[in-house]
Amino acid sequence: MKKGFKTIALLLVVMMFAAVAAACGKDGASSKVSVGIVLPTKDEPRWVQDEQRFKDALSGTKYTTDILFSQGSSAKEKENVETLINKGIQVLIICPQDGDAAAAAVEEAKKEGIKVISYDRLITNTDAVDYYVTFDSVAVGAAQAQYLVDHAKGQGEPLYLYAGAASDNNAFLFFQGAWQTLQPKIADGTFKIANSSEAIALKDTKDLTREQMSKIIGQVTTNWDANEAKNKAQTHLTSAAADMKGDVAILAPNDGTARSIADVFGSDKAITSFVVTGQDAEKASIQYVIDGKQSMTVFKDVRTLVKDAMGMAVDILDGKSPETTGSYNNGKVDVKAKQTDVIVVDKDNVKAKLIDSDYYKAGDFTGL
């Protein structure tokens, strides 16, 4: 009898262990991540906002996501991709810190059969990119430049050029769009270039090669860094002749650099007025636009971009072919792309475009 009880007790223990093991197995399976997302840094508001938007975009589906930040390091980025591969992801959405350097990381993902979506910035010189979700970056630069052209004051207005990081393919696309719009107005004397000998040497060339753009960008890069932009602007204004001051036009590549550059130009008494561009519609810059310190920003509704990227990922997971609207050559292959439209925002339409569309709340700003 005692032996029978012992046998039953032993069976119960074995069954309990089996149940626990099965539960753990289920948990292990459910903890597998469907979509891995790698973003460049937590130090810029744009990417922190994207993190939440990606989470929101996937809520209500059966799929899961894990979002990691590279903090400006390509080595950390590669480590993040490897971490996500080990979590069993089927789709990788990655905004590269450096388009070239990210190639090695996505090639590892591709070897594991993972579909790769390059997000906002194109990963270059690899065939391991399946899709690219982007704003029309050439159109962004063209919109910035057109704003400067539309607000030019007479002939011979000093034009200060600034660009993003030479490691970011988008910086070239922005600059390409801007230069193609500005060049005819440089050639006809509307603008005179104030801060780049390379740009002056190429002032009669509308369509620049990558190498020619690289020479100009090398002189006027901000590296997407507000402090670097501030230091460059101070250096340029210190060495500028009197005829390079007065009413000026400034091509600033994004909002973070635009605010720094605007602060420098705004504190120089020899600058009578300035028109300065921006990009991203950051809250701080929208306040600058309202206050008249920054002239415009190119609003890229990231809500749409995130939805496009996550919609593409879900299509892939569901076994469907994602919708695309064009393609970009990354130096190795033509990558199928989904493009999202951009909107110019200035003091005249800031309320209609950003408040009435529920992108921001009116209470976030003063002076509206």
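Just so we're clear, the structure is a prediction, and the values are computed from it rather than from any experiment. (Residues numbered from 1 in each chain as written. Predicted model: local features only at pLDDT ≥ 70, side-chain atom pairs only at ≥ 80, totals over all residues. Heavy atoms only, no water.)

Remarks on the UniProt feature "domain: Periplasmic binding protein" (unreviewed entry) in the protein
Under the UniProt annotation, the feature "domain: Periplasmic binding protein" (unreviewed entry) is placed at residues 35–320. Note that residues 35–320 is 48% helix and 17% strand, and that its end C-alpha atoms are spaced 16 Å apart. (UniProt positions renumbered as here; feature names shortened; annotations may be inferred. Helix = DSSP H or I, 4+ residues; strand = E, 2+ residues; numbered from the N terminus.)

Remarks on the pairing of strand β4 (residues 115–119)
A large share of β4 lies buried, amounting to four of its five residues. Where strand β3 (residues 91–94) lies against β4, four bridges are found, and the strand directions are parallel. Pairing of V91 across the sheet is with K115, part of β4. A crossover connection joins β3 to the parallel β4 through helix α4 (residues 102–111); in handedness this β-α-β unit is right-handed. Where β4 lies against strand β5 (residues 131–135), three bridges are found, and the strand directions are parallel. Counterpart to Y119 in the pairing with β5 is V133. (Buried < 20%, exposed > 50% of the residue type's maximum accessible area, 1.4 Å probe, protein only. Pairing = 2+ DSSP bridges. Right-handed = clockwise from strand over helix to strand, strands pointing away.)

Quick look at the packing of helix α10 (residues 255–266) against helix α11 (residues 283–291)
For any two helices packed against each other, one specifies the inter-axial angle together with the distance between the axes. Two elements in contact, α10 and α11, have axes separated by 9 Å at closest approach and are oriented at 45°. Classified by the angle their axes make, α10 and α11 are oblique. Remark: the crossing between α10 and α11 carries left-handed chirality. Contact residues: D255, R259 and D263 in α10; A284, S285 and Y288 in α11. Taken together, the residues of the contact of α10 with α11 break down into two nonpolar, one polar and three charged. (Axes fitted to C-alpha atoms, helices over the stretch in contact; angles between N-to-C directions. Parallel < 35°, antiparallel > 145°, perpendicular 65-115°, else oblique. Left-handed = near helix turned anticlockwise from the far one by under 90°. Contact = heavy atoms within 4.5 Å. Nonpolar A, V, L, I, M, F, W, Y, C, P; charged D, E, K, R; others polar.)

Notes on the sheet that holds strand β11 (residues 326–329)
Strand order in the open sheet formed by seven strands is β2-β1-β3-β4-β5-β12-β11, and the pairing between neighbours is mixed. Unpaired on one side and paired on the other, β2 (65–69) and β11 mark the two borders of the sheet. Taking the axes of each pair of neighbouring strands and ignoring which way they run, one obtains an average angle of 25° across the sheet. As judged from the five bridges shared by strand β1 (residues 35–39) and β2, these two strands associate in the parallel manner. Bridge pairing in β2 places L39 opposite F69.

What about helix α6 (residues 169–187)?
With 19 residues, α6 should cover 27 Å at 1.5 Å per step; its first-to-last C-alpha distance of 26 Å lies within 8% of that length. Of all the 19 residues making up α6, 14 are buried; the element is thus mostly covered by neighbouring parts of the structure. Backbone nitrogen of N170 and a side-chain oxygen of the N-cap are separated by 2.9 Å at the start of α6; the cap is D168. Positioned one or two residues after α6, G189 has a phi angle of 90°, which is positive. (Expected span 1.5 Å × (residues − 1). Polar contact = N/O pair within 3.5 Å; in protein donor to acceptor, adjacent residues only side chain to side chain.)

A few points about helix α5 (residues 137–150)
Taking 1.5 Å as the rise per residue, α5 with 14 residues should run 20 Å; its terminal C-alpha atoms sit 20 Å apart, in good agreement. Of the residues making up α5, those classed as buried are S137, V140, G141, A143, Q144, A145, Y147, L148 and V149.

Quick word on the sheet that holds strand β6 (residues 157–161)
Across the sheet, which stays open at both edges, the four strands sit in the order β7-β6-β8-β9 with parallel pairing between neighbours. What marks the edges here is a single partner per strand, and that holds for β7 (191–193) and β9 (271–276). Averaged over all pairs of adjacent strands, the angle between their axes in this sheet comes to 35°, without regard to strand direction. Sheet topology places β6 next to strand β8 (residues 246–251); three bridges connect them, and they run parallel.

Some details on the packing of aromatic side chains
In this description, an aromatic ring pair is defined by two values, namely the gap between the centres and the angle between the planes. Across all of its chains, the model carries nine aromatic pairs by this definition. Aromatic pair F299 and Y359: ring centres 4.7 Å apart, planes at 75°, arrangement edge-to-face. Of this pair, F299 sits in strand β10 (residues 296–299) while Y359 sits in the segment after α13 (350–355), and the two are 60 residues apart along the sequence. Both residues of the pair, F299 and Y359, count as buried. When the ring of Y359 is compared with that of Y360, the centres are 4.9 Å apart and the planes differ by 75°; the resulting orientation is edge-to-face. In this pair, the class of Y359 matches that of Y360, namely buried. (Phe/Tyr/Trp six-rings, centres within 6.5 Å; stacked < 30°, edge-to-face > 60°.)

Side note on the pattern of salt bridges
Pairing between side chains becomes possible if they bear opposite charge and their charged atoms approach one another. Enumeration over the complete set of coordinates arrives at 21 salt bridges. Taking the shortest distance from any N to any O, the salt bridge between D204 and K203 comes out at 3.9 Å. The class for D204 is exposed, based on a relative accessible area of 60%. Exposure remark for K203: the relative accessible area of 34% places this residue in the partly exposed category. Of the charged contacts, one joins D280 and K300 as a salt bridge, the two residues approaching to 3.4 Å between their closest N and O atoms. With D280 in the loop between β9 and α11 and K300 in the loop between β10 and α12 (302–317), this pair connects stretches of sequence that are 20 residues apart. Here D280 and K300 have matching classes, each one buried. In this structure, a network of salt bridges that share partners links the residues R46, D50, R53 and D120. (Salt bridge = Lys/Arg side-chain N within 4 Å of Asp/Glu carboxyl O.)

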